[in-house]
Structure formats: C-alpha cells, structure tokens
Amino acid sequence: MAFVGRGRGYDRAITVFSPDGKLFQVQYAQEAVKRGYTALGVKVNSGVVLAAERRSPSKLVEDGSVEKIFQVDDHIGAGASGLIADARVLIDRARIEAQVNRMRYDEPIPVETLSRSIGDIKQMYTQHGGVRPFGTRFLIGGVDANGPQLYETDPSGVVAAYKAHAIGGGAAGAIEVLESRYEEDASLDDAISLALDALKTVIEGKLGSDKVEMTIIPAETEEFEKLSKDKVDEYIKKAG
Amino acid sequence: MAFVGRGRGYDRAITVFSPDGKLFQVQYAQEAVKRGYTALGVKVNSGVVLAAERRSPSKLVEDGSVEKIFQVDDHIGAGASGLIADARVLIDRARIEAQVNRMRYDEPIPVETLSRSIGDIKQMYTQHGGVRPFGTRFLIGGVDANGPQLYETDPSGVVAAYKAHAIGGGAAGAIEVLESRYEEDASLDDAISLALDALKTVIEGKLGSDKVEMTIIPAETEEFEKLSKDKVDEYIKKAG
Amino acid sequence: MAFVGRGRGYDRAITVFSPDGKLFQVQYAQEAVKRGYTALGVKVNSGVVLAAERRSPSKLVEDGSVEKIFQVDDHIGAGASGLIADARVLIDRARIEAQVNRMRYDEPIPVETLSRSIGDIKQMYTQHGGVRPFGTRFLIGGVDANGPQLYETDPSGVVAAYKAHAIGGGAAGAIEVLESRYEEDASLDDAISLALDALKTVIEGKLGSDKVEMTIIPAETEEFEKLSKDKVDEYIKKAG
Amino acid sequence: MAFVGRGRGYDRAITVFSPDGKLFQVQYAQEAVKRGYTALGVKVNSGVVLAAERRSPSKLVEDGSVEKIFQVDDHIGAGASGLIADARVLIDRARIEAQVNRMRYDEPIPVETLSRSIGDIKQMYTQHGGVRPFGTRFLIGGVDANGPQLYETDPSGVVAAYKAHAIGGGAAGAIEVLESRYEEDASLDDAISLALDALKTVIEGKLGSDKVEMTIIPAETEEFEKLSKDKVDEYIKKAG
Amino acid sequence: MAFVGRGRGYDRAITVFSPDGKLFQVQYAQEAVKRGYTALGVKVNSGVVLAAERRSPSKLVEDGSVEKIFQVDDHIGAGASGLIADARVLIDRARIEAQVNRMRYDEPIPVETLSRSIGDIKQMYTQHGGVRPFGTRFLIGGVDANGPQLYETDPSGVVAAYKAHAIGGGAAGAIEVLESRYEEDASLDDAISLALDALKTVIEGKLGSDKVEMTIIPAETEEFEKLSKDKVDEYIKKAG
Amino acid sequence: MAFVGRGRGYDRAITVFSPDGKLFQVQYAQEAVKRGYTALGVKVNSGVVLAAERRSPSKLVEDGSVEKIFQVDDHIGAGASGLIADARVLIDRARIEAQVNRMRYDEPIPVETLSRSIGDIKQMYTQHGGVRPFGTRFLIGGVDANGPQLYETDPSGVVAAYKAHAIGGGAAGAIEVLESRYEEDASLDDAISLALDALKTVIEGKLGSDKVEMTIIPAETEEFEKLSKDKVDEYIKKAG
Amino acid sequence: MAFVGRGRGYDRAITVFSPDGKLFQVQYAQEAVKRGYTALGVKVNSGVVLAAERRSPSKLVEDGSVEKIFQVDDHIGAGASGLIADARVLIDRARIEAQVNRMRYDEPIPVETLSRSIGDIKQMYTQHGGVRPFGTRFLIGGVDANGPQLYETDPSGVVAAYKAHAIGGGAAGAIEVLESRYEEDASLDDAISLALDALKTVIEGKLGSDKVEMTIIPAETEEFEKLSKDKVDEYIKKAG
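This text gives an overview of the structure that appears in the document. Note that the structure is a prediction, hence the values are computed from the model and not measured. (Residues numbered from 1 in each chain as written. Chains lettered and ligands numbered in written order. Predicted model: local features only at pLDDT ≥ 70, side-chain atom pairs only at ≥ 80, totals over all residues. Heavy atoms only, no water.)

For the rest of this paragraph, the subject is the pairing of strand β8 (residues 164–167) of chain D. Residue and element names in this part refer to chain D. Neither face of β8 is exposed, since Ala-164 and Ala-166 on one face and His-165 and Ile-167 on the opposite face are all buried. Of the pairings in the sheet, the one linking strand β1 (residues 39–44) to β8 comprises four bridges and is antiparallel in character. For Ala-39, the partnering residue across the bridge sits in β8 and is Ile-167. (Buried < 20%, exposed > 50% of the residue type's maximum accessible area, 1.4 Å probe, protein only. Helix = DSSP H or I, 4+ residues; strand = E, 2+ residues; numbered from the N terminus. Pairing = 2+ DSSP bridges.)

This brings us to the interface of chain B and chain A. Every contact between the two is made by 35 residues of chain B and, on the other side, 35 residues of chain A. With both sides pooled, the region where chain B packs onto chain A buries about 3100 Å², and carbon together with sulfur makes up 54% of that total. Per-residue buried area on chain B facing chain A is highest for Phe-17, Gln-127 and Glu-179 of chain B; these three make up 22% of the total on that side. Counting across the chain B and chain A interface gives three salt bridges. Across the pair Lys-43 of chain B and Glu-62 of chain A runs a salt bridge whose closest N-O atoms are separated by 2.3 Å. Where chain B packs against chain A, one counts 13 residue pairs in polar contact (both at pLDDT 80 or more). At the level of elements, α1 (2–10), α4 (111–127), β7 (159–161) and α5 (171–181) of chain B are the ones that each hand at least two residues to the side of chain B that touches chain A. Grouping the amino acids of the side of chain B that touches chain A by side-chain chemistry returns 14 nonpolar, twelve polar and nine charged. (Contact = heavy atoms within 4.5 Å. Buried area = accessible area lost by both parts, 1.4 Å probe. Salt bridge = Lys/Arg side-chain N within 4 Å of Asp/Glu carboxyl O. Polar contact = N/O pair within 3.5 Å; in protein donor to acceptor, adjacent residues only side chain to side chain. Nonpolar A, V, L, I, M, F, W, Y, C, P; charged D, E, K, R; others polar.)

Another point: helix α3 (residues 84–105) of chain B. For α3 of chain B, spanning 22 residues, the distance from its first C-alpha to its last is 31 Å, which sits close to the expected 32 Å at 1.5 Å a residue. Listed in full, the buried residues belonging to α3 of chain B are Ile-84, Ala-85, Asp-86, Ala-87, Arg-88, Val-89, Leu-90, Ile-91, Ala-94, Ala-98 and Asn-101 of chain B. The inward-facing, buried residues of α3 of chain B abut β3 (69–73), β4 (76–82), α4 and β5 (136–144) of chain B together with α4 (111–127) and β7 (159–161) of chain C. Looking one or two residues past α3 of chain B, Asp-106 of chain B carries a phi angle of roughly 60°, positive in sign. (Expected span 1.5 Å × (residues − 1).)

Our next topic: the environment of Thr-201 of chain G. All names here are of chain G. Of note, Thr-201 is situated in the loop between α6 (188–200) and β9 (212–218). Judged by relative accessible area, which is 42%, Thr-201 ranks as partly exposed. Sequence separation between Thr-201 and Phe-17 is 184 residues, and the spatial gap between their C-alpha atoms is 36 Å. Not counting the four nearest positions on each side in its chain, Thr-201 is found in contact with Gly-173, Ala-174 and Val-177. Polar side-chain contacts of Thr-201 include one of 2.6 Å to the backbone oxygen of Ala-198.

The backbone of Glu-222 of chain C sits at a positive phi, close to 55°, despite the residue not being glycine. Classification of Glu-222 of chain C as partly exposed rests on a relative accessible area of 35%.

Right, let's talk about the packing of helix α3 (residues 84–105) of chain E against helix α4 (residues 111–127) of chain E for a bit. Each pair of packed helices can be summarised by the angle the axes make with each other and by the distance between the axes. Residue and element names in this part refer to chain E. As a packed pair, α3 and α4 sit with axes 10 Å apart at the nearest point and diverge in direction by 135°. Our classification of the angle between α3 and α4 gives oblique. Every pair of crossing elements has a handedness; the one defined by α3 and α4 is right-handed. Facing α3, whose interface residues are Leu-90, Arg-93, Ala-94, Glu-97 and Ala-98, α4 presents Leu-114, Ser-117, Ile-118, Ile-121, Lys-122 and Tyr-125. Residues of the contact of α3 with α4, tallied by class, amount to seven nonpolar, one polar and three charged. (Axes fitted to C-alpha atoms, helices over the stretch in contact; angles between N-to-C directions. Parallel < 35°, antiparallel > 145°, perpendicular 65-115°, else oblique. Left-handed = near helix turned anticlockwise from the far one by under 90°.)

Once chain B has been moved 0.1 Å along the axis and rotated by 52°, it coincides with chain A to within an RMSD of 0.0 Å. Each copy contacts the other with its own distinct surface, as only 6% of the interface residues of chain B are interface residues in chain A too. (Least-squares fit on C-alpha atoms with pLDDT ≥ 70 in both.)

The strands making up a sheet associate through hydrogen bonds between their backbones, and the pairing can be parallel or antiparallel. Residue and element names in this part refer to chain D. Spatially, β3-β4-β5-β6-β7 is the arrangement adopted by the five strands of the open sheet, whose pairing is antiparallel. Pairing within the sheet leaves two strands with one partner each, and these edge strands are β3 (69–73) and β7 (159–161). Sheet twist, expressed as the mean angle between neighbouring strand axes with direction ignored, is 25°. Summarising the sheet, β3 and strand β4 (residues 76–82) pair through four bridges and their orientation is antiparallel. Note on β4: the bridge partner recorded for Ile-69 is Gly-79. Taken strand by strand, helix α3 (residues 84–105) contacts β3, β4 and β5 (136–144), and its axis lies near 20° from that of β3.

The interface of chain E with chain F comprises 35 residues on the first partner and 35 residues on the second. In this assembly, chain E packs against chain F so that about 3100 Å² is buried in total across both faces, 55% of it on carbon and sulfur atoms. Of all residues in chain E, Leu-60, Arg-88 and Arg-132 of chain E give up the largest surface area on contact with chain F, accounting jointly for 25% of the area buried on that side. Counting every contact that joins chain E to chain F gives three salt bridges.

One copy of the chain maps onto the second through a rotation about an axis and a displacement along it. After a rotation of 51° and a shift along the axis of 0.1 Å, chain E superposes on chain F with an RMSD of 0.0 Å. Little of the interface of chain E is mirrored in chain F, where only 6% of its interface residues are also at the interface.

A word on the arrangement of the chains. At the level of C-alpha atoms, the two units chain B and chain G stay apart, their nearest approach being 11 Å. Separating chain D from chain G is a minimum C-alpha gap of 15 Å, and the two share no contact.

Time to look at the pattern of salt bridges. Per the stated rule, a full pass over the model turns up 110 salt bridges over all chains. Of the charged contacts in the structure, one is a salt bridge between Arg-137 of chain B and Glu-152 of chain B, with a shortest N-O distance of 2.7 Å. Residue Arg-137 of chain B is found in strand β5, and its partner Glu-152 of chain B is found in strand β6 (residues 147–153); the two are separated by 15 residues along the sequence. A salt bridge links Asp-20 of chain E to Arg-35 of chain D; the shortest N-O distance between them is 4.0 Å. Pair noted here: Asp-20 of chain E is in the loop between α1 (2–10) and α2 (24–34) and Arg-35 of chain D is in the loop between α2 (24–34) and β1, and the two residues belong to different chains.

The quantities given are spatial measurements derived from coordinates; they are silent on function.
Structure, rendered in structure tokens:
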C-alpha cells in the first residue's frame, strides 16, 4: 500500500530524493546488482586475483562468451556484477580512458584514477534527468606504481579501496570467507586458493573450471592474465 | 491490481528500474521478441547456417518480401525476431558499420565487433530518455579470420557467442533439438539438416520451402549465400 | 475497466511497450488507417494499377481535390489510407527522396528503395519521444529496372512486397476478391477490371467514375498515368 | 465518466492517438472552429468572393478592426474561422511564403501551393511534441494562372479544393444555400448575391454592411479587392 | 467535482485544447486580467487619452512607482491591466521594436504594427510548450501618420482597434460610460473629462489625483505627455 | 481536500495559471519570503538606511557570515528576505549588471535600472518551464543622480519605489511603525532611529547590535557604509 | 495520508515550492546529510582542524579509502557529510576552481570565494529542471590572507562562516560540546583535543585512530596536513 504511493512519486524520469533522503532509482539499481552473478577480488602483495561465477544459460553458449571479467588495459582488469550490457558500455569507456592516459602521460593509468573516473560517470547518471543509473557494480583490480590495487564502484558512484571484496548475488557468503582467511602477504597461489574457496559458497554442486572465470595480475609482471580452464582446474585440485 | 500500481510508476517516458532492479521496458521489449517468428543459427567448423520460419500474412505477398534473414556484409548475415521495422533500422546501421570497417582497416569486420556494436546501440536505447528499447533480437552469423561465428544480441544489449541457438516464439522447442543433436565438426549439409529439424518443431503442417527461409556462410567461401526454394526443398527431401 | 489502467500507463508522450510487448500508439495509428477510405493495388507483368474509393464530403468539393493516389515520380505512384494530412507530408518527403536519387545516380529510384526509405521514417516516429506515429498506410506502385513493383508500408514501418493488396476500411473484402482472381500474367485491362471488382465490395450503390480514383503505370511506358473520369467509366462499362 | 478516463490519457503535452485512432487535440481544435464566426467563399469562372460574418463585441470597436478576411498577396485572400490570433500568425507566414515565391520564381504563387504550404505547417503542429494544433480553418481564394481557385485547410492539415464552401459556427446552414444555388458560370455579381444569401442564414436581424465583411478577386483583374460598406449595402439592396 | 477532472487533464505544462475547443490556460490568464486594476483609453480626432486607476498598497509607496501607463515611444503609450511584471517585460520588447523601426525605416512605428507585434508574441506563448501565456491586457494608444489610434491586445494575442475601451476589474462599468457618451470629434479636454467620468465608476470615495494616472497624446504634438497631479486635479475640478 | 485537487493540477514542472488567474508557484515563493527574516529600508532626503534582523542559528556562527544586506556597488545595497541562496545568486547577477553599466556608460548604474533588471530576471523565472521562481524579495537602496532611492522587487518580478518599506516575516509590524513616523526630510540619524524602532517590533528581548545588521548610504557621500557593531550599539543607546 | 497527496504534487522532475514555501527536494536532500557520518571543524587563531567519523563497512576496506576529508588545495580542506559520490564530484569542481584561481591571479584562492562558488553550484541544482539537488553538506576549512577560515555549505546553497561546527548524523551532540568549550585563541593542540571530544559523542565504544579521520591546516604553515594514525592516537592519549 504504502509502496504504491511512494512508487508513483519518486522514481520517475529523473532520480529524485525520497522524503527520508534516499535516491530510489539508485537503490533499485543496487537490486539489479544483487540479482547478478557473484564476482570477487583478492589483493595481496604479490598481485591481484579476480574471479567470477560462470553459469551458462544454455549448453550451446560458447565458453567465455558472456564474460564477467574484462581486461581494461595491460595492467588492469574488472569484474562486473549486475546488468551485463551496462557493464560492457562502461568498460568500453574505461578502456578509452586508459588509452588516453597512456598517450597523454606516456604511462599506464593508476588503478585509482581509472576507478574514480568510472565512479564519476556513474554519479552523473544519478543526478541528471533523462537517464537511469547504471545497474552494475565493478571490482577493478590491477598493479600500478603503488603496487597491487583493488577498487569497487557501485551504482551511486561511490569508490572504495579493498584488500578483498565480493559483489553480486552471493557476495555476503563470499565476503565472510574472505574476511576470515585473508592475509596481505599471502602468495598469489594462496590468494587464488582463497578466491576459489570464497566462490564455492555461491556455486551449486562440485566446483570445476566450467563454473569459474579467473584472472590474475601478478605484481611481478604487472600483466593481466586470464587463466585457462586447465589452469583453473589445476588450482581447484591443489586447493581441493 | 498490483499490476496497475506497477504499470503507472515504472514504464513511462524513460526506461527506469523497478524496486526489484528490473527494467520493465526492456522486459516488455523481450515480450515483443517472444511474439515474433522463430529464427535459428547453427555454427559448425565448416560454416554457419541461418534459418527462419516463413509465414505469409496473405497469399499475395511476394516471396521473400518480408525477410527475416538479412545480409549485412559479404561474409555476415543476421536472423531477426521481434519487430521487423526495428530490425531493419538496426541492420541498416550494421551495414554502414561493416562498410566503414572495410574502408578504415581494409578488411572485413569481425563478427564479434559487429555484434558488440549492435549491442551498444541497443543498450543506449535502454538508458537514455525519450526513446524506447529496440524490440528485436538478432542471431548474427558469419565467417571471419577466426573462422565461423554465431552471436546473439537481445533488446537489453547483451551479446553472447553460441554454437547454435534459436530466438523468437518457438525458440524453446528448437533449442531442445539443437542441444540434443549439435556436433561442432558436422558437415554443412548436416548442419542444414539439423536446422531444418529444429525448425520443424515450430512449423505447422508439412515442412516445405514456402515455410522456410535459409542462408549459409560456408567456411570455405566466406560468402553469404541465400538458398533458393529449390535448394531448400532438396535439403528437406534429403533430411526427410 | 482494465482498459483505463492500461490507457494511462502506456500511450503517453512517447511510444512505449505494453507488458505484452505491443506498441499501443502504433496500434492506435493502425486504427486510424482502418477508419480511412479503401485503396488497392494490382501488379501484373504488364504494369501496376492503383485505385481508391472516392467519397465527397460535399457536392461542392472539386473533383480530385482530396486525392488519395499521389504521383511520387514519373514512374511511381502511391495510394494512401488513413490521415490524409499525414500522407501528404510523407509523400512530399518521398518526392524529394526520388529527386535526390535522380540527381545523385542519374537514374529513377527503385520502388523498393523508396518504400524502405518511407518505412524508415515511419519507424523513427515509433521509437523517439515527442512525436506520434504516422497514421497512414501506403501502397506504392511503380515500374523500375526490375519491372512492375507493389509495396506496402504500415504505421510501424514494416515494408512488404505484394502482387496485389488493399488497405483501409474495406481492405478485407477487397483482398478476398483480389486473392480469388489474381493472375500475374493478366493484361493491364484485366488488372483494371479486377481492381474495379475489388473496389465494388466497398462502394455503396452503383459503381461510377465519381466514386473511383484510378492510376496506371504500364510496364511499357514506365509512366504514371492518372485515368480520366471518361476512361474510368469506359472501363466500368467494359468490366460491367 | 468514461470521458474523464479518456481525457487524462490522450490529450496531454503532445497530440497522441486514442485507442480508436483519433487525435483528440485535433478534434478539440475543430471545436474551436465550430465556435467561431462564419466565413464563406464562392468561386465562379469570373472570380472568387470571400465573405464573413461581422459581429462587434462592443459599439466602440473600430470597423474592420478584427478582420476575418485577410489579404495574403495581390491575388489571394483568406477567410478564417476559429481562434483569430492563431489565424493572424498563420496568415503572416502565408504572406512571407507568397513573397518568397515572387522573389524566387518571379511570379505570383499558385493558390494551391500556398494552401498546401499552410496545410503542412498545420499538420506539423499535430505530430510534434510541445505544441498544440492551430485552432483555425481557412478558406483561401484567389486567381492564378489556372483561373479562380478556392481551397480549404482545416486544423489537421487537410487541404481540399471547393467550388463554394463555408466554415465556422454557421457553416451547415450556409453550405445548404450554396449547394442549392451554385452555378459555375455565374457572374461575379450573382456570386456576391449568393454569398449574401448564404450569410443571411447565420446573421440575426436585418442584413446590413455592419454585419458583413466582403472581398472579391475578379478573374479579369486578378486583384484582391475589399468591398466598401457602401458597395456591400448596394449589393444587399440589389440582392434584396 | 467536474472541475477536478478538468483541472488534471487540460492545463498542464502546455496550453492544450479542452474537449469544447477552449484553451484553459488562456482563459485563466484572462482571469488574472479581471483581477487587475482598471485602465481605459479614449481616442478622438484631437488625440488619445490613457487613464488608469491608482491604488497604493502602502502609504509609503512612491507616487507613480508602480506605473500602469507606460511610454513606449515618443508617440505611443500603453495602459496595462493584469500581472504588472508580465506587462513590464512585454513593454520592454515593444520599446525595442519601436527603436528598431526608427532605425530601419527612419520613421516612427505605426501603432497598429506595434500592437500586432505584441499580439504575435502573446499568441506564441499560448501555443508552444514550456511557457505560460502572458497574464496581461494592453490598451495601446498613439498618434501616427494615420492620426490617433487605440488598440487592445489580450492574453490570447487578439488585436483590435477601438474608439474607446476599458480593461481590468472595472472594465464593464467604465465601458458603459464610454459607450453612452463617446463622440469622435470631441476636444481633448472633453475626452479627458469622459475618461475621468468612466474611471469614477471603479474608484471608491472622492475622485482625486492620488487615485488617477493619466496620459495624453495630442494629435497636434504627436507627443506622449504624462499629466502632473496638479493637471489631473485641475481636470477633475473642471469635470466637476 | 480542495487542496489535493489544486496541488496536483497547477503547480508542476512549470508555473501555470490556476482557474482564478493566479500563479501558484509564485504565491508559494511569496510564502518562502514570509518565513524569512525581516529586513527594512528607510529613504530620506539625506540618504538611505537598510537594516535587517540578525539571528544566529548557532553561537559559533561568525558575525555577519550569513549576511542579509549585500553591497551591490559603491552606491547601492540590497536587503534580502526569503531563501538566502537564491538571494546570493541574484545579487551576483546584480553586481555584474552594475559593473557592466560602469564600463559601458562610465557612470554608476541608476538604482531603478538595477532594480528593474532584477525584476526582469525574476519574471522570466515565473513564465518559462524547467525552473522555479526565486524565493526572495529585495529592498534595494542607493543614491544616484536623482538622489536617494529605495526599490522593492518581489518573487513575481514586480518592482516598486518606496519611501520606506519592510519585507520578511515581521514586515507587517515594522511597516506600521514606519508609516506612523516616517518623515521625508528627517536627518540620517533620525532615519536610523526609525529603522531601529521598526525592527524592535520583530526582535525578541532587548535590542542589541548582536540582533541587528545595518547599512547606510548617505546622500552626501553616495557610498555604501556597513555600520560596525559599536556604531549600531551607539545608535541604539541614542534611540533608547 | 496527507503525505501521499503532497508527495505526488511537489517533488517531481524539478524542485518546486510547496504551498508553505518550502522546497521539498532540498529538504529531502538535507535528510540524506542527516543519514551521513559526522564531520566537524574547529577554527582557532592558530589554525583549522577538520575531523570526521570513520566507520568501515567491512574489515577488508583499505584504510582511508572512503575519505570524508578531502584536500582541495595546498591550503584548503573540506569535510563532507551525506552522499559521498555527490561530494567527490563537487570536490573535483572545487579543485579546478582553486587551480584556475592560482593561474589567473597567481595566488591561493580565498576560502570564502571557494565556498561561495560551491554554494552557487548547489543553488543552481535546486532551481533548474532535470537535475536533483546535491545530497551533501561541506565544512570547508583553510588558511588564507585573512587567517584561518571555516565555512559550511548546505544542499540549498547557503554559505555561512563558523568558528566551529559539525555536520551529519551526530551533529547535534558534537555541536553541544563545541559550543561549551570553544575558545578562539586556543592552541592547535587544544583545538584537536576539542575536536576529539566532540567526535566522542558520536562514536560507539572506545575512541581510536581506526574511528577518526583528522586533518589540520596550521596558521603558520598554511599547509593542509593529514594526521597519521599514530599522530591521531597520540592526541587521543594526550586528550585522554
């Protein structure tokens, strides 16, 4: 009942405030993220691990076709949760931002700069008329001059740095695992192992490379590296 | 009842989020696709087959006049389902995109690039005010430097790669057939035969070239080739 | 009852989707066509016949003043049904399109190209805000390099090729006659006779040149030719 | 009751279709015309007569101050009915159109060209957002290369040629008189006499030059000529 | 009751037609005029008199501070009724119009030209979205090449010429006096006397220069001349 | 009850007329002024006094931080009441206006010119869509070539000249005092004394420099001069 | 109940006035601030202290990642409360403003100039259509040519100078402490101590550097200096 009254007054055309100071359209966009697949990131001194749940709508979908972890630049990747089409559009802008930075300053874009720039775009879509907020949350991981980095941006445009974090439908359970076992000076292998354990909480049945998408950016190479299915299975066995 | 409340609050002027994080206008556009004719694609190592249901609103309509499979470039075709006029407008943009690619890079556009570009246009129509989403879904098939390719784009702008897939009103039944019998290394003739069998599930009465529109892009020639009615009937007989 | 709820939610300002994937404003525009006078076209190998019902709102209206068959170019004509003012505006654009084609390519515009271009304009008016769809349907007939052609465009922007077709309030009855007697290799005289018989189904009282507007584009001359009242009466007598 | 429901859904901001294919704002604009004063035109071989009812809101209004018959060019006049301010704005555009034609082609604008151009403006105001239709109907009379001409344009943008016609609140009665006595080869004096008789049906009390505004464009002179009150009274006496 | 229904449907955002062909926003703007102070004009062969009721909201308001009679050019003045701020904005445009006319044609602007130009602006504000009509009515008086002139413009943009006229809250009573005693060849003194008598009908208590604002434009001088309080009191005594 | 009906129909998006010719949004903006602090002005032959109530939201607010009397130019000040942020924005425009006048005409801007210019901006915000009226009223005082001046502008854009005037929540009581004791040829000291007495009616407790903001523009110096707390206390003691 | 009626009429699309002269959207934005973390500032002769509550949404968030105190320029910092993404966007504009000032005038921007410029942007977002107000309040502290400065800007655009002030959810309690113990000539150490005591009122459990973010701008150095965790803990111990 109360809902009907609210619904009609606040969430039209432009994102407006409700009487208690909330932006409904932004909160609804957050719901879109909660309905999305789970993605997570683990940042240790030796690098960053990004992982995401992989669930095929059909047996005939090509492997890796609907990616949830995007390469943004040589040294930066991003895991997305929520509306995939929204994510792709933002990732494209992020890639351009990164290219422009290389041309202008002749150096790779810092992960924080890139993350804030995505946050700014998202904020703009919560304040101006004629558009809706982006229904997507990102975990942006990379290695730059300051070492490994992991940032999150949410639909409202908030940007925060994390040691490890999870987003999407199964975030709560995954975060619990991350919090209980995270160690900053873990090896990259241990970080991968932690990421797999955290993902297990949201995956039905036995864990396998068909259900996991995984990427690492080692501090040493500073290079985005997508793990092959074999590599993932190997880690699963090791983590076993 | 509940519907009235929802209807009035969320689906006006611009595509906004509902309290549970859905974009109603996009979902309604998906309904337009479900009301459309069935189209399907089968991608094997030897090439791609695109097929679509053909149903005449009148005995006096010219054969092939309301096409559901469009040629986008020499090496790419697209089967559409949903609002035909929306499809035509997007296909026109895709053709220009393909031409521009040839001029700029002096080579045929990759099927994935083209598909993502259509997905981006579709996404934009779900986020900005003053427009409605496109009520059409595409199966984009072609052969490029990476061999045969088959992509789907939906009204929200999601792009996914498939081995074989069906869209439109009868998609569910057709997909079942495709999943049960698909083989990646099948010959093109076998792929055509599979496509016909899958289409049979949505066609009333005896299958015939008057009820099927079919196109192939063989890996060998990399050329879009519309099958004549005789050719189709020949395949039907063979598949018989 | 249910209607009131629907009416308020979907058909404002911009053409949006209803929950079942329909565009209400487009469907309402189709209703405007159904309330319009009947027009029809017959395409045979020897040419195209366009005919339309003529009904004077007043005895003092000038003959042929409110035309329903428009000349678009030397070789193309169009019968319209629905809102006459909308039709005139679109026909003006079609004429410019045809002129531009002659200037640019030094040859008459193909009938299909012209028809698709009108379809594209119509589609645009169903997707962008601040405008309503065109409340008019066209039968576009002509003779080009591929021989006689007959296309229909509807308010949603769909374009289809026909052998013979009717639009407007009495379309159903007229189409029945066309379907039962159409022959592709009929003479132009027989085609005219068929058109008159089909029109008879929608005309009250005795058929006469005061109730019929008729135009031919013979395959031989490729010239749009409006039939005089005498000519029409002659054909009526012959068809008698 | 039903009306309230309809009213809220269809006639806002932009002219949209009702479920039965009507444009309400256009129909309401037609009502504005029906509430207006009566104007009429008679076209004979020897010229055109435009006449309009004259009713002063106050004894102190200057004669001819709120004109209902406008001179558009040397050879064209227009009688208006409906919202006078709307009419004046459109007449100003028509005058510019006529001037431009003289400059561009070095000849007077054909009456049909001018009428269609006004019709096009009117149609545009029924299809695009942010404006309302023009609440005025015109009878445009003149003499051009094709002899005397009389056209009507209505709020929807429809343009039609007439031998004689009436618009405004008393149109029905006036048209009856025109239809019963019109002759194409009447003298201009007889045409004036017919116009006065038709006007009589809508004028209360004794006919006099204080109640009639009258203009002629003789075929011979091709010049717009406003009749003086004396001239009008003379004709009334003659018509007696 | 009926009002609520009407209110919601017709008078939003843009001035739209009601089912019976009226423009509600324009009619409501007319109400703003009826709530305004009374102004009147008397045009005789020897010149024009403009007069207006003067009522101070406070004893400390400066005399003549909220003027209701504006000088537009050397030879033209305007009495306004309704929203004073709206009036001032339009008068500023009128002054520019007058200046431009002097520069362009090297002669004073005709009163009719100026009045129509204000009427055109007013009409535009009744037809385009995003604005409301002007809530003001003018009596524009002046002397030009055609002698003394008096025009009225209302919120809808209608322009009419008057011998004498009154606007605003007390218009009805004032017009009655004007109609009963107006003479075209009266002296300017008699015209002033008539204006004062007409104003008396709307002024409470004894007439005095503190309650009357008065301006004359004599035919001889063609100069706008604001009467001093002494001058006004002198006339009141004379009119006695 | 009645309110609900009104609220929904008239005060949206753009300032529209109510059926009785009022502009609700403007009236609501006037309410914002009535909720504001009191400011007043006294203009005598020897100069202008501007005074305003000073009430700190907190003990820690800096003195004079939320100013209610603004300096516009060397010779002009303005007391504001209503929304302070709206006032500041308009004062900034007024300052630019004053600067431009000095550059263009090499002389200080007349107080009336400045006041009308602010009134014009305010009027514009009551007539065009997409903005709300300014919720602020000004008392603009200064000394120019015509001596001391005091003008008021309200949210509708009305501009009026006053001898003395008060605005804001306690205007009524303050005006009463001003009216009873105002003398045009008072000394500036007496004017200050009068201003303090008028302010007393709205100030709770004992009058002190902590509760009063005061500015003078003496006719002699033509310079805006903010009175120090000591100066104010001195006057309070004198007025005692 | 009453709320529903109000909600629908006043807070759409654009910030409009309610019948009692309030801007609802602005008030709702104030609510967003009240839901935010607490920030406070203390300005003494020896410098400015900015402090803010630090609460981590997760154990794995990086320290200082979601900053609430921003550096704007060498000599200016700002504490924000409310929507963090809104704050970041405004701070970016403030930084540009400060840079531009350095380039244009070759000197650091005065704190008041910067604060008013942010207030102006905020005001604009409360008056123009198509945007919502900023849901953030700032405490802007710095040292410029006039010594230490502390300003507050609220969502409506009001700017005020303070000796000491607090914003956000726990403002009331913190202000109480500030008011009771503030001394203008305190040492910077005492000011820090006061800030910590004020913060204590809003922090649950034992105060520690993990719960406090603190920045100083000493009058001597005129340099923004973020206090390290150790430094903060030292002060806490001292304040003990």
